[in-house]
Amino acid sequence: MADQYNTNEEKILKDSHTKEIDLINRDPKQINEDVVKVDFEDVIAEPDGTHSMDGVWKASYTTFTVSKYWCYRVLSAIFGIPVALLWGFCFACISFCHIWAVMPCIKSYLIETHCLSQIYSLCIHTFCDPLFEALGKIFSSVRVALRKEV
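Bear in mind the structure is a predicted one, so any value in this text is a computation, not a measurement.

A few points about a nonpolar patch on the surface
Taken together, the side chains of Val66, Tyr69, Trp70, Val74, Leu75, Ile78, Phe79, Val83, Trp87, Phe91 and Ile94 present a nonpolar region at the surface, about 1,100 Å² in accessible area. Within the secondary structure, Phe91 sits in helix α3 (residues 54–139).

Remarks on the confidence of the model for the protein chain
Mean pLDDT for the protein chain: 87, with 88% of residues reaching 70 or above. For the protein chain, helix α1 (residues 2–17) is the element with the lowest average pLDDT, namely 56, and α3 is the one with the highest, namely 94.

A closer look at unusual backbone geometry
The phi dihedral of Gln30 falls on the positive side, at around 50°, and the residue is not glycine. Structurally, Gln30 is set in the loop between α1 and α2 (40–43). Taking relative accessible area as the criterion, Gln30 reaches 44% and is therefore assigned partly exposed.

What counts, and at which threshold
Residues numbered from 1 in each chain as written. Predicted model: local features only at pLDDT ≥ 70, side-chain atom pairs only at ≥ 80, totals over all residues. Heavy atoms only, no water. Patch = residues over 30% accessible without salt bridge, like charges linked within 9 Å, V, L, I, M, F, W, Y side chains within 5 Å. Areas by Shrake-Rupley, 256 points an atom, 1.4 Å probe, with all protein chains shown as cover. Salt bridge = Lys/Arg side-chain N within 4 Å of Asp/Glu carboxyl O. Helix = DSSP H or I, 4+ residues; strand = E, 2+ residues; numbered from the N terminus. pLDDT = per-residue confidence, 0-100. Buried < 20%, exposed > 50% of the residue type's maximum accessible area, 1.4 Å probe, protein only.

Structure (structure tokens):
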């Protein structure tokens, strides 16, 4: 029974680190929808009345598209894994700091200020509430009438 539990636990741990990735939709949350979605028409456009020759326009389109495609592929092949390693390290450090430093500090601060907030609340309810209730009763009988005199 214990061996079966360990196997299930190992499987759960392994599954959380070896998540299936979608090779078709590589931006499922659309985080790069407006930022780096750059096509030929987004960068180079000829207004009416200023057109190059059709052959030049077609060759420019092909050159732009193919060079962008292959440049990205070569750069990602060379730098993709090292940069992913650096970003993984960076986000691991940020997570570590948040989990082990930031949240304990915030929680400690909230615990320490809880006593002060109780005292402050007690003082407000003791002194200010009666004062404002009395002022409210005094001014509740005031009636304002606006007249326009010509």
